[in-house]
Amino acid sequence: MKVRLSIPEPEGLSAGHLACQGCGATLAMRYALKGLGPDTVLVIPACCWTILAGPAPLLSTGVNVVHSPFPCAAAVAAGVRHGLLARGKASTCVVAWAGDGGTFDIGLQALSGAAERGEDILYVCYDNEAYMNTGIQRSGGTPAGAWTMTTPEGSALPKKDLDAIVEAHHPAYLATATPAYAEDMVRKFKKARGLTGFRFIRVLAPCPPGWKYEPEETVRLSRLAVQTGLFPLYEREGGAFRLNVPVAKRRPVTEFLSRQGRFRRLGADGETALQARVDAAWAALPGRT
Amino acid sequence: MRKALMGNNAAAAAVKLARVEVVSAYPITPQTQVVEALADMKASGEFPGRFVRVESEHSAMACLVGAAQAGARTFTATSSQGLAYMHEMLHWASGARLPIVMADVNRALGAPWILWTDQTDSLSQRDTGWLQFYCSTNQEILDSLLIAYRAAEALLLPVMVNYDGFTLSHTYEPVDVPAQEAVDRFLPPLNYQYALDLANPRAFSALPKPKEYMRLRRRMAADMDRATVTVAAIEDEFARAFGRRYAAVEPYRTDDAETLLVVSGAPASTALEAVDRLRAEGLRAGSLRIRQFRPFPAAVLRAYAGRERRFVVVDRNFSMGHHGIFCEELKSALYGVKGRPKVFGTVAGLGGGDITVELLEEIWRDADAGRLDEREPLWMEDAR
């Protein structure tokens, strides 16, 4: 039987993993590796993936992993790239693979430096919107109203607009992705892999314990984030901005919020305010062209 | 070829001679000229390595960690706050067993802001698992960096070569710059056995269990322990190749000396003059220069402690709440030696104050006459 698959069959990620049931970050790695292929080196700072890649001597990714301290995934990745080039190995894609804490917060300086220098790396932030590996504390990626262990009343601050910060560095490629849109995600990783210069992909990775929902909801929440307009799927290559999933009729944000325990304290006013912010941001999206 | 070079230029010359493949650096006074000289050499094509102008010292070392893991020979230079900012990465570099070499141009730490030399910056990195050398001349800076690559690559431990800010970094001295062919014979290309192998994927620095961690640390400690012998053999080879000899501890007129000045860095050169002047008066003075701080050459130093000698350590550094750091280390090394040699500690020249011949003579006389207290350091200001 001849089948043309929409997602490549070869698996980089090995069967069985150490993540929580329903882990969005694990789905993200699976699809990312399908797009990246085997000639890849991952640089992973402190984050859930420090554990998920396998404690020594295990390795779940099928490609080299260089572990790195928290603040400097981008700098270590740049170093690996320079080191490989110095040794005449130009084909390898070097990927910094960091969580939102290691990107929005402690890793931002190294990220900015690498982006501004146009380092030939792909930087991936799998954004689960809090410090999940340390047990759910607020990060710069935590959205307004979300409960975390350090924002027991709900975070009073809005999520940092990291994409805009990265965009200001004029990267060779910038995209958003989330596992519910698997084909879109694999395509973006494959595309980023084929480009040179600084490339950035932010992956929204739902987290059952951190967002407080049942594991089987991960893909639904990943999809709802897009369909409510909270997490638009887009890409920017050079000057060209493209909205990949236009969402003709956006769903109300409450459909995304009500399925998670972390927004329980947000309240009707908070939801209305968030809906207004999403509407405004969505309206401004074409302006990013 | 003999040239008049500042210490920082001597360092840059060594980097080129060592055929370093990746340099990553961030500017800080008084290290800046090293980076500038390398940038000039890069621009003119004289230095073919890669040069990454990172946004911080933390990223400078992080970048080298990545490049070294990929198998490249690497270098950076820094000073003071920059070294302190790198601290986390220093532990990482040694724990990952990466043969990185760095020059630290010794500068005191703030607050308050201070530009001039002392050694508290690098000595604060004592427990990071790096070999440490302290240079006394610009020639030694160049030579030590070449020796450092051999040592780092033999031991798979990173090496820090330290020299006094301004006193050496910005002062011209005659330096013999060896021929490239001679350096190539002494220092072959790096073949890092644990480099990333794309055909054979591995995890580097992944989380071990406590027992495995303990074993890794024990191996690292054992390699650090054998470093003194390894480095001595490399220094012998260097002496045969280039005619200049270095050692972990360098004695001067110690044979019948009753009191020894114990010094490091540029003031060690000054101490030679102080010893000569004291000797001219018929006094039995000598000096020991500690060139290698990590691993600490305890066995070598114990050999000088046989005859109820007095040691007086001049520390241009300080560990708050205790002593000067070389003094602490020397006392620890001599613990249990028969006859219990006396060790006096003095602190001088913090933040770049001059350590003059006269000051060293005064320190020696105080120690020789037993006017110092072994239990607490004497802070010496130079009245002259």
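Quick caveat, the model's predicted, so the values are computed rather than measured.

Procedures and definitions
Every chain is numbered on its own, with residues counted from 1 as its sequence reads. To read the labels, note that chains go from A and ligands from 1, taken in the order they are written. Whole-chain, interface and lining totals are the exception, using all residues; otherwise, since this is a predicted model, local features are given only for residues with pLDDT of at least 70 and side-chain atom pairs are given and counted only at 80 or more. Hydrogens and water molecules were not included; the side-chain quantities draw on all heavy atoms of the structure. Helical segments are the DSSP runs of H or I of at least four residues, strand segments are the runs of E of at least two, and each set is numbered from the N terminus. Between buried and exposed lies partly exposed: a residue is buried under 20% and exposed over 50% of the maximum accessible area for its type, with that area taken using a 1.4 Å probe on protein chains only. Marked domain ranges trace back to an automatic or database domain assignment. Contacts are assigned to residue pairs that have any heavy atoms within 4.5 Å of one another. Values labelled buried area give the accessible surface lost by two parts on being combined, using a 1.4 Å probe and summing over both. Each salt bridge in this description consists of a side-chain nitrogen of Lys or Arg and a carboxyl oxygen of Asp or Glu lying within 4 Å of one another. Here, the term nonpolar core denotes a set of buried Ala, Val, Leu, Ile, Met, Phe, Trp, Tyr and Cys residues that are joined through side-chain atoms within 4.5 Å. For the purposes of these results, a polar contact is taken to be a pair of N or O atoms within 3.5 Å, where, inside protein, one atom must be able to donate a hydrogen and its partner to accept one; residues adjacent in sequence count only when each atom of the pair is a side-chain atom. Any residue outside Ala, Val, Leu, Ile, Met, Phe, Trp, Tyr, Cys, Pro, Asp, Glu, Lys and Arg is labelled polar, Gly included; the first ten of those are nonpolar and the last four are charged. Any two strands with at least two DSSP-identified bridges between them are counted as paired. Structural elements are reduced to axes, namely lines fitted to C-alpha atoms, with helices fitted over the stretch in contact, and the angle between N-to-C directions of any two is expressed from 0 to 180 degrees. Pairing of aromatic side chains here covers Phe, Tyr and the six-membered ring of Trp, requires ring centres within 6.5 Å, and sorts the geometry by plane angle: under 30 degrees stacked, over 60 edge-to-face, intermediate tilted. Criterion for a charge above a ring: Lys NZ or Arg CZ within 6 Å of the ring centre, and within 35 degrees of the ring normal. Note on handedness: a crossover is taken as right-handed if, strands pointing away from the viewer, the path from the first strand over the helix to the second is clockwise.

Colleague: A description of unusual backbone geometry should follow, citing residues and the corresponding values.
Modeller: All names here are of chain A. Note the cis peptide between Ala 56 and Pro 57, where omega equals 0°. If you trace the backbone, Pro 57 turns up in the loop between α2 (48–52) and β2 (64–67). The backbone phi angle of Ile 136 is positive, close to 70°, even though this residue is not glycine. Here Ile 136 shows up in the loop between β4 (122–127) and α6 (162–167). The backbone of His 170 shows a phi angle near 50°, a positive value even though the residue is not glycine. With respect to the helices and strands, the residue His 170 is situated in the loop between α6 and β5 (173–177). Judged by relative accessible area, His 170 falls into the exposed class, the value being 68%.

Colleague: I'd like to hear about the domain arrangement of chain B, residue by residue, with values.
Modeller: All names here are of chain B. Per the domain assignment, the segments of chain B are domain 1 (2–242) and domain 2 (249–380). Domain 1 and domain 2 are separated by 27 Å when their C-alpha centres are compared. Residue-level contacts link 28 residues of domain 1 with 24 residues of domain 2. Summing both sides of the interface, domain 1 and domain 2 together bury roughly 2100 Å²; the carbon and sulfur share of this comes to 51%. There are five salt bridges connecting domain 1 and domain 2.

Colleague: Go over the nonpolar core, please, and point to the residues and values.
Modeller: By size, the foremost hydrophobic cluster in this structure holds 123 residues, and its most contacted members are Trp 49, Trp 97 and Phe 189 of chain A together with Met 61 of chain B. If we ignore the near neighbours within four places in the chain, the residues touching Trp 97 of chain A are Ala 25, Ala 28, Met 29, Ala 32, Val 43, Ile 44, Pro 45, Cys 47, Trp 49, Val 124, Tyr 126 and Phe 189 of chain A. Of all hydrophobic cores here, the second largest spans 57 residues; its members include Val 20, Val 23, Leu 145 and Met 220 of chain B.

Colleague: Run through the interface of chain A and chain B, naming residues and quoting values.
Modeller: Chain A puts 37 residues into the contact, and the matching count from chain B is 37 residues. For the pair chain A and chain B, the summed buried area comes to about 2800 Å², and 62% of that belongs to carbon and sulfur atoms. The largest per-residue losses of area from chain A upon contact with chain B belong to Asn 64, His 67 and Arg 87 of chain A, which jointly make up 21% of the total buried on that side. Put simply, chain A and chain B have two salt bridges between them. There are 14 residue pairs in polar contact (both at pLDDT 80 or more) connecting chain A and chain B. Of all the secondary-structure elements, those providing two or more residues to the side of chain A that touches chain B are β2, α3 (73–86) and α5 (108–116) of chain A. Per element, the largest residue contribution to the side of chain A that touches chain B is ten residues, and it comes from α3 of chain A. Among the residues forming the side of chain A that touches chain B, the class breakdown is 21 nonpolar, eleven polar and five charged. One ladder, built from two bridges, connects β2 of chain A with strand β9 (residues 203–204) of chain B; its direction is parallel.

Colleague: Kindly report on the sheet that holds strand β5 (residues 101–106) of chain B, identifying the contributing residues and their values.
Modeller: Residue and element names in this part refer to chain B. Pairing is mixed across the open sheet formed by seven strands, whose spatial order is β3-β2-β4-β5-β7-β6-β13. Edge strands, defined here as strands with exactly one partner in the open sheet, are β3 (50–53) and β13 (292–294). Within this sheet the neighbouring strands show an average axis-to-axis angle of 20°, counted without direction. Judged from the two bridges that link them, strand β6 (residues 131–134) and β13 form a sheet pairing that is antiparallel. Paired with Gln 132 across the strands is Arg 294, a residue of β13. Together, β2 (22–25), β4 (74–78), β5 and β7 (159–164) form the strand contacts of helix α1 (residues 7–17), whose direction differs from that of β7 by roughly 155°. Strands in contact with helix α8 (residues 210–242) are β6 and β13; relative to β6, the strand with the most contacts, it is inclined by about 45°.

Colleague: Explain the sheet that holds strand β1 (residues 40–44) of chain A to me, and be specific about the residues and the numbers.
Modeller: Sheet strands line up and pair through hydrogen bonds in the backbone, either parallel or antiparallel. Reading across from one edge, β8(A)-β7(A)-β5(A)-β6(A)-β4(A)-β3(A)-β1(A)-β2(A)-β9(B) is the order of the nine strands in this open sheet, with mixed pairing throughout. The sheet is open, and its two borders are formed by β8 (240–243) of chain A together with β9 of chain B, each paired with just one other strand. With six bridges joining them, β4 of chain A and strand β6 (residues 199–204) of chain A adopt parallel strand pairing. Each residue of the ladder has a partner; that of Asp 127 of chain A, found in β6 of chain A, is Leu 204 of chain A.

Colleague: Please set out the packing of aromatic side chains residue by residue, giving values where relevant.
Modeller: A complete count under the given rule lists 17 aromatic pairs over all chains for this structure. By way of ring pairs, the aromatic residues Tyr 134, Phe 293, Phe 296 and Phe 326 of chain B are connected into one cluster. The side chain of Arg 262 of chain A reaches across the aromatic face of Trp 211 of chain A, ending 4.0 Å from its centre.

Colleague: Mind laying out the pairing of strand β15 (residues 342–348) of chain B, listing which residues take part and the relevant values?
Modeller: Residue and element names in this part refer to chain B. By the criterion of burial, β15 is predominantly enclosed, with six of the seven residues buried. Both strand β14 (residues 310–315) and β15 contribute to a ladder of six bridges, which runs parallel. Note on β15: the bridge partner recorded for Val 313 is Gly 345. On the question of chirality, the crossover connecting β14 to the parallel β15 by way of helix α11 (residues 325–334) is right-handed. Across three bridges, β15 lies against strand β16 (residues 378–380) in parallel orientation. Opposite Ala 348, over in β16, you have Met 380 as the bridge partner. This β-α-β element, β15 to helix α12 (residues 357–368) to β16, shows left-handed connectivity.

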